[in-house]
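Examination of the molecular architecture
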Amino acid sequence: MHLKNLLAAHIKMADTNGANNSLLQAIDIYKEYSNGERTLPVLQRINLSVEKGEIVVIVGASGAGKSTLLHILGILDTPTSGSVVYKGINLNALSTKKQ
C-alpha cells in the first residue's frame, strides 16, 4: 500500500501550479532506492499542502514510507524527483549551505 493512500483525509492536495500560499508543500515527490540490481520505489507522486496552524498526521504500516517522507520534508534527504516548497521557496533548488 502506498503512503499517498494513507495520508490523513483532511490534508489538501498541493497546487502543482505554484499558485498556493501554503506553509509547506510536497509536489510530485518520488523516492526510490537502488542497490545496482534492483530499484525499489518507496514514495510515488506524493502531493500535499500544509497551511499555517494546521495539524497533520501521517499514518501507515511499517515500511510504507512515513519516515522517508518526513526526512524529505525536513530536507534531511532528497527526493529522486519532485520538490519541497517552504513559504514559497523550493528547498531542493537551494544549495546545501542555504538549506
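Residues numbered from 1 in each chain as written. Predicted model: local features only at pLDDT ≥ 70, side-chain atom pairs only at ≥ 80, totals over all residues. Heavy atoms only, no water.

Comments concerning the pairing of strand β3 (residues 81–86)
- Pairing analysis gives five bridges linking strand β1 (residues 24–34) to β3, with the strands arranged antiparallel. In the strand pairing of β3, Leu 24 is matched with Tyr 86.
- Pairing of β3 with strand β4 (residues 89–90), which is carried by two bridges, proceeds in the antiparallel orientation. Its bridge partner lying in β4, Val 85 is registered against Asn 90.
- Taking the residues that link successive antiparallel strands as the turn, the β3-β4 hairpin has two residues, and the phi of Lys 87 there is positive, at about 50°. (Pairing = 2+ DSSP bridges. Helix = DSSP H or I, 4+ residues; strand = E, 2+ residues; numbered from the N terminus.)

Quick word on the pattern of salt bridges
- Counting across every chain of the model gives two salt bridges.
- Between Arg 45 and Asp 28 there is a salt bridge, and its shortest N-O distance comes to 3.1 Å. Taken together, the positions of Arg 45 in strand β2 (residues 39–50) and Asp 28 in strand β1 put the pair 17 residues apart, joining distant regions of the chain.
- Among the residues examined, Arg 45 registers a relative accessible area of 55% and is labelled exposed. (Salt bridge = Lys/Arg side-chain N within 4 Å of Asp/Glu carboxyl O. Buried < 20%, exposed > 50% of the residue type's maximum accessible area, 1.4 Å probe, protein only.)

Some points on the pairing of β1
- In this structure, β1 lies alongside β2, joined through eight bridges in antiparallel fashion. Looking at the pairing, Ile 29 lines up with Ile 46 of β2.
- Counted along the chain from β1 to the antiparallel partner β2, the turn is four residues long, and its residue Gly 36 has a positive phi close to 100°.

Some points on a nonpolar patch on the surface
- Judged by side-chain polarity, Ile 55, Val 57 and Val 59 come together as a nonpolar surface patch covering roughly 280 Å² of accessible area.
- Note on placement: Ile 55 falls in the loop between β2 and α1 (66–73).
- On the accessibility criterion, Ile 55 (67% relative accessible area) is exposed. (Patch = residues over 30% accessible without salt bridge, like charges linked within 9 Å, V, L, I, M, F, W, Y side chains within 5 Å. Areas by Shrake-Rupley, 256 points an atom, 1.4 Å probe, with all protein chains shown as cover.)

A word on the sheet that holds β2
- In space, the four strands of this open sheet follow the order β2-β1-β3-β4, with antiparallel pairing throughout. This sheet does not close on itself; its edge strands, each paired only once, are β2 and β4.

A short note on the nonpolar core
- Residues Ile 29, Leu 43, Ile 46, Leu 48, Leu 69, Leu 73 and Val 84 are the most contacted members of the largest nonpolar core, which totals 13 residues.
- Within the residue set of this core, elements represented by two or more residues are β1, β2 and α1.
- Looking at this core element by element, the count peaks at five residues for β2. (Core = buried A, V, L, I, M, F, W, Y, C linked by side-chain atoms within 4.5 Å.)

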